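In case you want the letters, here they are:
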Amino acid sequence: MILIAEDVSPAALHQLLRNGADEFVPYPLPEGELQAAIERLQEPAPAAAPESARLPEANTEGGVVLAVQGLAGGTGATTLAVNLAWELACADKARPPQVCILDFSLQFGSVATFLDLPRRDVVFEMWSDTERLDEDVFRQALVTFEDRLRVLTAPTDILPLDMIGPDDVTRVLDLARRHFDYVIVDMPTTLVQWTETVLNACQIYFATLELDMRSAQNCLRIKRALQAEDLPLEKLRYCLNRAPKFTDLGARSRVKRMAESLEIGLEVQLPDGGRAVSQSADHGLPLASTAAKNPLRREIAKLAQSLHALGRDEAEAA
Ligand SMILES: Nc1ncnc2c1ncn2[C@@H]1O[C@H](COP(=O)(O)OP(=O)(O)O)[C@@H](O)[C@H]1O
Ligand SMILES: [Mg+2]
């Protein structure tokens, strides 16, 4: 029902609309307004909430939690987290896994920047009162990247890392695991009281490092710290970023010596992807969208495929 009204008081108009008119157009009719009103009525009513805004169905089994932390600043932790999340989301065209990425770097978290996403105020509200955390709050705190990846960005303003504690982190992780097949966590470079919480909750804790003294020393220190607390060191998967090419024999032998002296495995090696990598991040896109053939992208895609295949095999064996 379209109402065309002339000289009607706002109260009367309100009454008429409340009684069932769908549209109101003033008289004399402004050009094209009647036509526009008719067209609006013919459009299907918008769904209550857009599909992408809903959380995926809860799953009692719970998803896989993969955390990423840099053993030194700038070693590519966020690059790995963001691109791994995207590759996992694209890992199976027929049955796309549900993936979310949680930026736990409350201070300088840059996942939002890497994916050119807005930071929502709800994120701060969520963290400041996780006892009230439920599906609705979580859903509102997430933003969607290209319909396929859900992102909990860092808050708009810098927060002290100890503003949140183990209980807060547990609540958020539990909720995320219930709804997503993969939960990727981008951790701050610093160790905090809730690092242990994430370490215990995750299946794999990726630690990025480079072939330099800084990474080597930090690696020893973190190993000592975790060992002293009896934490599950075996969950750490070291990723050598900007790894030298196989043809660079001198550097290869340095990699081997580094792994031996630190007593760590360096199976995951990520090549240098050059300027394209930071350019992609500056454009707010995963490498797959800007430089699909980039060597770093290929390696992260391979990693995602092998992780996804592993999960599938385990599900089938169970
Ligand atoms: N393998 C790589 N090849 C080229 N550039 C890289 C590579 N890994 C990281 N970068 C760049 O290095 C910078 C730091 O990476 P970032 O992921 O922010 O590190 P972190 O999160 O560990 O501090 C970014 O500009 C990123 O684009
Ligand atoms: Mg980072």
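The model shown is predicted, which means the values in this text are computed figures rather than measured ones.

What counts as what
- Residues numbered from 1 in each chain as written.
- Chains lettered and ligands numbered in written order.
- Predicted model: local features only at pLDDT ≥ 70, side-chain atom pairs only at ≥ 80, totals over all residues.
- Heavy atoms only, no water.
- Helix = DSSP H or I, 4+ residues; strand = E, 2+ residues; numbered from the N terminus.
- Areas by Shrake-Rupley, 256 points an atom, 1.4 Å probe, with all protein chains shown as cover.
- Lys, Arg positive; Asp, Glu negative; His and termini not counted.
- Charge placed at Lys NZ, Arg CZ, Asp CG, Glu CD.
- Axes fitted to C-alpha atoms, helices over the stretch in contact; angles between N-to-C directions.
- Parallel < 35°, antiparallel > 145°, perpendicular 65-115°, else oblique.
- Left-handed = near helix turned anticlockwise from the far one by under 90°.
- Contact = heavy atoms within 4.5 Å.
- Near = heavy atom within 4 Å.
- Polar contact = N/O pair within 3.5 Å; in protein donor to acceptor, adjacent residues only side chain to side chain.
- 1 Å grid on protein atoms, 1.4 Å probe; cavity = no way out; pocket = protein on both sides within 12 Å on 5 of 7 lines; lining within 4 Å.
- Sits in = over half its atoms within 2 Å of the grid points.
- Nonpolar A, V, L, I, M, F, W, Y, C, P; charged D, E, K, R; others polar.
- Core = buried A, V, L, I, M, F, W, Y, C linked by side-chain atoms within 4.5 Å.
- Buried < 20%, exposed > 50% of the residue type's maximum accessible area, 1.4 Å probe, protein only.
- Points joined across faces, edges and corners; volume = space filled by probe spheres on them.
- Expected span 1.5 Å × (residues − 1).
- Arc of directions from axis to C-beta.
- Pairing = 2+ DSSP bridges.

### Topic: the overall build of the chain
Now for step 1: Helices and strands together make up the secondary structure of the chain, namely 13 helices and ten strands.
Now for step 2: Taken along the three principal axes of its C-alpha coordinates, the chain extends 85 × 45 × 40 Å.
Now for step 3: Put simply, the chain shows about 17,100 Å² of open surface, and 50% of that area lies on carbon and sulfur atoms.
Now for step 4: Separation between the mean location of the 32 positive side-chain charges and that of the 47 negative ones in the chain comes to 10 Å.

### Notes on the packing of helix α3 (residues 77-89) against helix α13 (residues 295-317)
Now for step 1: Between α3 and α13, the least distance of the axes is 9 Å, while the angle of their chain directions is 55°. Between α3 and α13, the crossing angle belongs to the class labelled oblique. In the packing of α3 onto α13, the handedness of the crossing is right-handed. Facing Thr 79, Leu 80, Asn 83, Leu 84, Glu 87 and Leu 88 of α3, the residues of α13 in contact are Leu 296, Arg 297, Ile 300, Ala 301, Leu 303, Ala 304, Leu 307 and His 308.

### Things to note about the site of ligand 1
Now for step 1: Taken together, 16 residues form the shell around ligand 1, and within it Ala 77, Thr 78, Thr 79, Asn 241 and Gly 273 come nearest.
Now for step 2: Take Asp 272: an N or O atom from its side chain is 3.3 Å from a nitrogen atom of ligand 1.
Now for step 3: Burial of ligand 1 by the protein amounts to 81% of the accessible area it has alone, namely 560 Å².
Now for step 4: Most atoms of ligand 1, that is more than half of them, are within 2 Å of grid points of the second largest pocket.
Now for step 5: If you list the elements that add at least two residues to the shell around ligand 1, you get α3, β9 (236-243) and α11 (275-282).
Now for step 6: At three residues, the largest contribution of residues to the shell around ligand 1 is made by α3.
Now for step 7: In terms of residue class, the shell around ligand 1 is built from five nonpolar, nine polar and two charged.

### Side note on the nonpolar core
Now for step 1: Leu 102, Phe 104, Trp 127, Phe 138, Leu 152, Val 185 and Val 198 are the most contacted members of the largest nonpolar core, which has 54 residues in total.
Now for step 2: At five residues, the largest contribution of residues to this core is made by helix α7 (residues 166-179).
Now for step 3: Leaving out residues up to four positions away in the same chain, Leu 152 has contacts with Ile 101, Leu 102, Asp 103, Phe 104, Val 123, Met 126, Trp 127, Ala 141, Leu 142 and Val 172.
Now for step 4: Within the second largest apolar cluster, 38 residues are counted, among which are Val 82, Ala 89, Ile 184 and Val 268.

### A look at the layout of surface pockets
Now for step 1: Its volume calculated, the largest pocket comes out at about 760 Å³.
Now for step 2: Only β3 (64-70) and α13 provide two or more residues apiece to the lining of the largest pocket.
Now for step 3: For the lining of the largest pocket, the element with the most residues is α13, which contributes eight residues.
Now for step 4: Of the residues belonging to the lining of the largest pocket, the class tally is eleven nonpolar, six polar and nine charged.
Now for step 5: Estimated volume of the second largest pocket: approximately 630 Å³.
Now for step 6: In terms of lining, the second largest pocket is formed by 41 residues, of which the most central are Gly 74, Gly 76, Ala 77, Thr 78 and Thr 79.
Now for step 7: Among the elements of the structure, α3, β9, β10 (268-271), α11 and α13 are those that each provide at least two residues to the lining of the second largest pocket.
Now for step 8: Here the lining of the second largest pocket gets six residues from one element, more than from any other, and that element is α3.

### What to know about the environment of Ser 215
Now for step 1: Inspection of the secondary structure puts Ser 215 in helix α9 (residues 213-228).
Now for step 2: Distance in space between the C-alpha atoms of Ser 215 and Val 192 is 19 Å, their sequence separation being 23 residues.
Now for step 3: Ignoring sequence-local partners within four residues, the contact set of Ser 215 consists of Ala 72, Thr 75, Leu 209, Glu 210 and Met 258.

### So, helix α10 (residues 249-262)
Now for step 1: Across its 14 residues, α10 extends 20 Å between first and last C-alpha, which sits within 8% of the 20 Å expected from 1.5 Å per residue.
Now for step 2: When α10 is considered as a whole, its buried residues turn out to be Ala 251, Arg 252, Val 255, Met 258, Ala 259 and Leu 262. In a view along the axis of α10, the buried residues occupy a sector of 120°, so they form one face of it. Turned more than 90 degrees away from the buried face of α10 sit Leu 249, Lys 256, Arg 257, Glu 260 and Ser 261, all of them exposed.
Now for step 3: Two residues or fewer past α10, Glu 263 is found with a positive phi of approximately 55°.

### Notes on the sheet that holds strand β4 (residues 99-103)
The pairing of strands in a sheet happens through backbone hydrogen bonds and is either parallel or antiparallel.
Now for step 1: Pairing is mixed across the open sheet formed by eight strands, whose spatial order is β5-β6-β4-β7-β3-β8-β9-β10. Taken across any chain shown, the strands that pair with only one partner, and hence form the sheet edges, are β5 (143-145) and β10. When strand polarity is set aside, the average angle formed by the axes of neighbouring strands in this sheet is 25°.
Now for step 2: Direction of pairing for β9 relative to β10: parallel, over a ladder of four bridges. Bridge pairing in β10 places Asn 241 opposite Leu 270.
Now for step 3: Running at roughly 155° to β10, α13 makes contact with β3, β7 (182-186), β8 (204-209), β9 and β10 of the sheet.

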